[in-house]
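Chain by chain, the residues:
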Amino acid sequence: MKVSALCLLAALSAIEGFQPLHQQQLPVQTKSCSSSPLIRCHSTLSTTRLNAALMEPPVRTPETLDRVSQVRERFKRASQDAAQAKGCAQADTGDEWWRTPVPEPRRSISKDDPLRVVVAGGGVAGLVAAAACHSKGMKVQIFEQASQYAPYGGPIQIQSNALRALERINPTIYQEIIKAGTVTADRISGLKIGYKKGVFLGLGKQYEKGDWLVRFDTLQPALQAGLPPTVVVDRPVIQQILLNHGIPEGTVRIKSRIANYEELGDGMGVKITLEDGSIAHADVLIGADGIWSSTRRIMHELNAGADGYAASGAAGGALNEAEARRMAKDSVLMATNANRRYSGFTCYAALTEHRASNIEEVSYQILLGKDKYFVSTDGGGERQQWFALIREPAGGVDPEPTADNPSPKLNRLLNEFNNQEPGDQNGDVWDDFAHELFRATPEKDIKRRDLYDGSPLLMQGWARGPVAICGDAAHPMMPNLGQGGCQATEDGYRLAEELATVKHTSDVEGALQTYFKKRIPRTTIIQILAQLGSDLLVDFDKMMTIPLVGPFFLFMTQVSMPFILRFLYTPEF
């Protein structure tokens, strides 16, 4: 029973606090720092020295038309910039620093002769790692296999611990993220039952569809740790902020995939071969190239099929429907070769321009059902980001649109979460809110992919010689904690901190091993919690059916949550 209760905590840990229903209060309302919704409390949050005593809780005010327009227009501009690879090198000059080996590769490191760092992967993990290294005076180069950035699923959470890491890496990046973000801690978040649900033999409470099971205080744990509250920001906006403020222009070279690398010996660096035949020389190679990492395949001597072009868009996003279909099939094979785990869930996702009916009261909610659940969160700019996770075998694809069925994804979701009699395939009639968002979403905006994670690399490690991995390459996890990108951000910060201690290239291997040893305990726990939490969400309704089990679950959540929160929202990592 204790194990099951801890599993529940995993699913809830993306939210920053918990109280049982009878004790709940909404976040404390105090006067806001600014009358402008765009910079609400930013004058406090954007200081480079965050102090809990000086931070005021944000106050929710309805978004103005100007705010809505600003958020949506910034997203569109950033998406266009990403599609055009703005900020990335468009053509080689032939005199890039990484093309020429240094005369004395085994050497002392100084301001005039800094570490030379190559990062494989230009998603959030790679951009943060490069920005962190650049902030420490290192030369950096990013090789990104994609031809452009293709965001999947809209905005992402930059949680309190990741915001602290960004503030330490580069205060300007932190301030820009805060200004671009929408605070979600000023409203209710939590778990709801998705459909009418009773208990065994009527021995307990009858739940109606849409009833709250657990609500969360999403603010106080962050403020108590002296951290800013979580914000949600569009992925292409984050990418453009990191490109514009984190690294020199032209640092990212697109269409550049690592084919192989060779360790040159103690303190001698690494020789990197790209698929186009180009050769790069560096003191350090950081593999931030995602769950199907080429760097990890080479490091861990995996089969050739362990990596591949899962998608041509950075951050795992398919550029079109045909590519998404290919990804579904290819990922099954890559997972086997890469020792990755299919989570058991396929995920539909979209960002819809729709002012939700409960937007002023609710920022984040999960509707629970049998073998599926629905997640929605405020995306800012009167938009909702939603996910529908359904348990089924890997590799499935939807029918192609036809004249008779022009919206196959949408129609499937309307049936899976049917809010009218006779209900879904289980006979359950769902809460109306999922349908509200589905019907506001065009078919073309709905994306689908299977979700994979992996076991912690405790024995294999994250570093070997002058090479290390980070982000999803090191610790892919289910999205339930909202910590995937956040842990990648912590990785980038810690990598740069350890590499900054290097006085001689012979120290690189030791610095990378220290990075691994400091990061692996924390990420291992979070990976396990995320995996267990995801598995539990679809079985939660079964547990609520059993008398005494449901109330005990909620009790254990209440008792254990403070420990989870202190762990996730530590200011030190």
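Fair warning: this is a prediction, and the values are worked out from it, not measured in the lab.

Re the overall build of the protein chain
- Helix and strand counts for the protein chain stand at 16 helices and 22 strands.
- Of the roughly 22100 Å² that the protein chain leaves accessible, carbon and sulfur atoms contribute 53%.

A look at the environment of Ile258
- Tracing the backbone shows Ile258 in strand 11 (residues 258-263).
- Overall, the relative accessible area of 4% leaves Ile258 in the buried class.
- Spatially, the C-alpha atom of Ile258 lies 9.7 Å from that of Ile298, the residues being 40 residues apart in sequence.
- With residues near it in sequence (within four places) discarded, Ile258 still touches Ala120, Phe143, Ile272, Thr273, Leu274, Ser294 and Ile298.

Comments concerning the packing of aromatic side chains
- One pass over the full model with this rule turns up 14 aromatic pairs.
- Considering the side-chain rings of Trp462 and Tyr515, the 5.6 Å spacing of their centres and the 55° angle between planes classify their relative orientation as tilted. Placement of the pair is Trp462 in the loop between strand 20 (447-454) and strand 21 (463-464) and Tyr515 in helix 14 (residues 508-537), with a sequence separation of 53 residues. Taken individually, Trp462 and Tyr515 each receive the classification buried, so the pair is uniform in this respect.
- Here the aromatic residues Tyr195, Phe374, Trp386, Phe417, Trp430 and Phe438 are joined through ring pairs into a cluster of three or more.
- In this structure, Arg168 is placed above the aromatic ring of Phe573, and the distance from its NZ or CZ to the ring centre is 5.7 Å.
- Geometry around Phe75 places Arg383 over its ring, the cationic atom sitting 5.3 Å from the centre.

Quick notes on the side chain of Arg522
- Inspection of the secondary structure assignment puts Arg522 in helix 14.
- Look at Arg522 and you get buried, because its relative accessible area is 8%.
- A distance of 3.0 Å separates the side chain of Arg522 from the backbone oxygen of Leu568, its partner in a polar contact.
- Not counting chain neighbours up to four residues away, the residues in contact with Arg522 comprise Asn161, Gln487, Glu490, Phe567, Leu568, Thr570 and Phe573.

Points about the nonpolar core
- Ile158, Ile177 and Leu499 are the most contacted members of the largest nonpolar core, which has 85 residues in total.
- Setting aside residues up to four positions removed in sequence, Leu499 forms contacts with Leu115, Cys133, Met138, Val284, Ile286, Ala511 and Leu512.
- One finds Leu191, Ala222, Cys347 and Met477 within the second-largest nonpolar core, a separate group that totals 35 residues.

With respect to the pairing of strand 14 (residues 284-287)
- Of the two faces of strand 14, the one lined by Val284 and Ile286 and the one lined by Leu285 and Gly287 are each fully buried.
- As paired elements, strand 2 (residues 116-120) and strand 14 share four bridges and run parallel to each other. Looking at strand 14, one finds that Val119 is bridged to Ile286.

Describing the sheet that holds strand 19 (residues 384-391)
- Read across the open sheet, the seven strands follow the order 8-7-17-18-19-16-20; overall the sheet is mixed. Taken across any chain shown, the strands that pair with only one partner, and hence form the sheet edges, are strand 8 (212-216) and strand 20. Averaged over all adjacent pairs, the angle separating strand axes in this sheet is 20°, with direction ignored.
- Note that strand 18 (residues 372-378) and strand 19 share seven bridges and pair antiparallel. By the bridge assignment, Ser376 is partnered in strand 19 with Trp386.
- Strand contacts of helix 10 (residues 321-338): strand 16 (340-352) and strand 20, with the helix running at about 10° to strand 20, the strand carrying the most contacts.

Some details on helix 8 (residues 235-245)
- Summarising burial for helix 8: nine of the eleven residues are buried, a large majority.
- For helix 8, every residue scored as buried is listed here: Arg235, Pro236, Val237, Ile238, Gln239, Gln240, Ile241, Leu242 and Leu243.

Quick look at the confidence of the model for the protein chain
- Of all residues in the protein chain, 85% have pLDDT values of 70 or greater, and the mean over the chain is 85.
- Considering only residues more than four positions removed or in separate chains, one finds that residues 1-53, a stretch of pLDDT under 50, has 144 contacts.
- Note that pLDDT drops below 50 for residues 311-316; the model gives that stretch 28 contacts with residues more than four away or on any other chain.

Considerations on unusual backbone geometry
- Cis geometry is found at the peptide bond from Glu421 to Pro422, where omega equals 10°.
- Along the chain, the position of Pro422 falls in the loop between helix 11 (408-416) and helix 12 (432-438).
- The backbone of Lys255 shows a phi angle near 55°, a positive value even though the residue is not glycine.
- Looking at the secondary structure, you find Lys255 in the loop between strand 10 (252-253) and strand 11.
- Classification of Lys255 as exposed rests on a relative accessible area of 59%.

Quick look at the environment of Asn358
- Relative to the assigned elements, Asn358 resides in the loop between strand 16 and strand 17 (362-368).
- Asn358 gets classed as buried once you look at its relative accessible area, which sits at 12%.
- Taking the C-alpha atoms as reference points, Asn358 and Phe433, 75 residues apart in sequence, are found 9.1 Å from one another.
- Not counting residues within four places of it along the chain, the set of residues in contact with Asn358 comprises Lys192, Gln365 and Phe433.

Regarding the pairing of strand 13 (residues 279-282)
- The pairing of strand 12 (residues 270-274) with strand 13 spans four bridges and is classified as antiparallel. Each residue of the ladder has a partner; that of Lys271, found in strand 13, is His281.

Describing the state of the cysteines
- If you walk through the whole model with that rule in mind, you get zero disulfides.
- No disulfide involves Cys470; its nearest neighbouring cysteine sulfur is the one of Cys133, lying 9.2 Å away.

Observations concerning the sheet that holds strand 6 (residues 182-183)
- Read from one edge to the other, the open sheet built from three strands follows the order 5-9-6, with strand pairing classed as antiparallel. Since the sheet does not close on itself, it has two edges, and those belong to strand 5 (156-158) and strand 6, each with one partner.
- The sheet contact formed by strand 6 and strand 9 (residues 231-233) spans two bridges and is antiparallel. Each bridged residue has a counterpart across the sheet, and for Val183 the counterpart in strand 9 is Val231.

The rules behind these values
- Residues numbered from 1 in each chain as written.
- Predicted model: local features only at pLDDT ≥ 70, side-chain atom pairs only at ≥ 80, totals over all residues.
- Heavy atoms only, no water.
- Helix = DSSP H or I, 4+ residues; strand = E, 2+ residues; numbered from the N terminus.
- Areas by Shrake-Rupley, 256 points an atom, 1.4 Å probe, with all protein chains shown as cover.
- Buried < 20%, exposed > 50% of the residue type's maximum accessible area, 1.4 Å probe, protein only.
- Contact = heavy atoms within 4.5 Å.
- Phe/Tyr/Trp six-rings, centres within 6.5 Å; stacked < 30°, edge-to-face > 60°.
- Lys NZ or Arg CZ within 6 Å of the ring centre and 35° of its normal.
- Polar contact = N/O pair within 3.5 Å; in protein donor to acceptor, adjacent residues only side chain to side chain.
- Core = buried A, V, L, I, M, F, W, Y, C linked by side-chain atoms within 4.5 Å.
- Pairing = 2+ DSSP bridges.
- Axes fitted to C-alpha atoms, helices over the stretch in contact; angles between N-to-C directions.
- pLDDT = per-residue confidence, 0-100.
- Disulfide = S-S within 2.5 Å.

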